[in-house]
Structures are given as C-alpha cells and as structure tokens.
Amino acid sequence: MLAWEAIRDVGRALPWLASEPQPDPVPADLPAEKRAELFRIHAEALRYRHAVLYAVIDRAGKKLAATLGAAEPGEILDPEGEGCEALEKADAYFKTQRDELGQLREGLIGAGAPSGHDVFEALDRLDGLYSSIIATMQEVRWGLLIADGLKEPGSARTYTSGAALVAALDD
C-alpha cells in the first residue's frame, strides 16, 4: 500500500470508528438515586469509549509509522492531497466531539452531578484523548505538507545573501 493511501484510509476511518452516540442528558428532576445511577452509567460509557478508541488510535498510529517508515526516499507521500484532506476532516470531527463533551459536562453539572464524581474523570480522560488525536492529526498533516513541499521539483530556493532572503520574504 502506498503511504498516501494508508494516511487517507486512517484519516477517513478514525471518525467512523470513534463515532458513538452521545448519552442522553440526565434530567435534573429525577430522584437523586436515579440520577446517581445515570451518572455511573455515563462514566462507564465514557470509560468504554476511551478504551475502544485508544486501542484503535494505537493501531492506526503504528500503521502510519510503519507506512511512513517504509516510504522510498524522495517519494511524494500525498500526491493528490487526499491523505491531508482526510486528516483535516478527522481533526474537525474530533474538535466537534470535544465540543459535545463540553456540552455533556454542562448537562451533568446542571443535573447535579457532584464535582468529585468519577464521571468527570472519565469525561476529562476522553477529552484528553480527543485533544491528543487532534494534535497528532495536525502534526502528521503538517509533516506531510512540509515534506512533500520540500520534495517538489524546484521547491527549494537558495539565497546568496541575507538581503536576498529578506527581499524574498517581501514577495
């Protein structure tokens, strides 16, 4: 498999593999024992989601690293830009997921979840994983763009003086 195909496939698959419906909000007018049970169920669902997604991300990261490591020197890794586009869409997906986790947090607080409840630890852990995924997507995407840009014929410029460099920056 070509490097760009693997990058494209991972970028396209991650949001699909990570998609889970958000749990229903906890109504604030439920009796305390029912709300406590729903908070526990939410925490369990968030921990499960983290565990499953972490395993997928770990495998995807290893696949990308192996694919990039096997690329031929000088090979353009994303000739059509499909890999970068897929990574950008995955990045946007996980940013939206982080926003939804923020809304879930507000809903749990509004429903009276105690600040020390483990649902918030599970929520923070999943949010941290999403944040890490976003950073990785951006790092891989920018790495590809920079590496492929440097390999393009005629893309490297040399300057004979500092004045020439400054003049080129003004262009």
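If you're wondering where the values come from, they're calculated on a predicted model, not measured in any experiment.

Chemist: Explain the layout of surface pockets to me, please; I cannot follow it from the model alone.
Modeler: The rolling of a water-molecule-sized probe over the atoms marks out the regions of remaining empty space. Here the largest pocket defines a volume of roughly 180 Å³. Lining the largest pocket are 14 residues, and of these Ile-57, Gly-61, Ser-132, Ile-133 and Thr-136 sit closest to its centre. Mapped by element, the contributors of at least two residues to the lining of the largest pocket are helix 1 (3-18), helix 2 (32-69) and helix 4 (118-151). In terms of residue class, the lining of the largest pocket is built from eleven nonpolar, three polar and no charged.

Chemist: Is there a simple way to explain the packing of aromatic side chains in this structure?
Modeler: Any pair of aromatic rings gets described here by the distance separating the centres and the angle formed by the planes. Tallying each qualifying case throughout the model produces two aromatic pairs. Here Tyr-93 and Phe-94 contribute two aromatic rings whose centre-to-centre distance is 5.1 Å and whose plane-to-plane angle is 85°, an arrangement assigned as edge-to-face. Judged by relative accessible area, Phe-94 falls into the buried class, the value being 0%. Here the aromatic rings of Phe-94 and Tyr-130 are separated by 5.5 Å at their centres, their planes lie at 50°, and the arrangement is tilted. Note that Phe-94 is positioned in helix 3 (residues 82-110) and Tyr-130 in helix 4, a separation of 36 residues in sequence. A single burial state applies to Phe-94 and to Tyr-130, both of which are buried. Among the aromatic side chains, those forming a connected cluster through ring pairs are Tyr-93, Phe-94 and Tyr-130.

Chemist: I'm lost on helix 2 in this one. Help?
Modeler: Every α-helix winds through 3.6 residues per turn, so residues three or four apart in the chain are directed the same way. Relative to the 56 Å expected for 38 residues at 1.5 Å per residue, helix 2 spans 54 Å between its end C-alpha atoms, a close match to the ideal helical length. Taken together, the buried positions of helix 2 are Arg-35, Phe-39, His-42, Ala-43, Leu-46, Arg-49, His-50, Leu-53, Val-56, Ala-60, Leu-64 and Thr-67.

Chemist: Help me understand the environment of Tyr-54 in this model?
Modeler: With respect to the helices and strands, the residue Tyr-54 is situated in helix 2. Relative accessible area serves as the criterion here: at 49%, Tyr-54 is assigned to the partly exposed category.

Chemist: How should the nonpolar core be read in this particular structure?
Modeler: Burial of nonpolar side chains together is a common tendency in soluble globular proteins. Membership of the largest hydrophobic core comes to 32 residues, with the highest contact counts inside it found for Leu-46, Phe-94, Leu-101, Leu-108 and Leu-144. With twelve residues, the top contributor of residues to this core is helix 4.

Chemist: Explanation requested: helix 3 in the structure shown.
Modeler: Taking 1.5 Å of rise per residue, the 29 residues of helix 3 would be expected to cover 42 Å, and the 42 Å separating its terminal C-alpha atoms lies within 8% of that figure. All of the buried residues along helix 3 are Gly-83, Cys-84, Ala-86, Leu-87, Ala-90, Asp-91, Tyr-93, Phe-94, Gln-97, Leu-101, Leu-104 and Leu-108.

Cut-off values and rules
- Residues numbered from 1 in each chain as written.
- Predicted model: local features only at pLDDT ≥ 70, side-chain atom pairs only at ≥ 80, totals over all residues.
- Heavy atoms only, no water.
- 1 Å grid on protein atoms, 1.4 Å probe; cavity = no way out; pocket = protein on both sides within 12 Å on 5 of 7 lines; lining within 4 Å.
- Points joined across faces, edges and corners; volume = space filled by probe spheres on them.
- Helix = DSSP H or I, 4+ residues; strand = E, 2+ residues; numbered from the N terminus.
- Nonpolar A, V, L, I, M, F, W, Y, C, P; charged D, E, K, R; others polar.
- Phe/Tyr/Trp six-rings, centres within 6.5 Å; stacked < 30°, edge-to-face > 60°.
- Buried < 20%, exposed > 50% of the residue type's maximum accessible area, 1.4 Å probe, protein only.
- Expected span 1.5 Å × (residues − 1).
- Core = buried A, V, L, I, M, F, W, Y, C linked by side-chain atoms within 4.5 Å.

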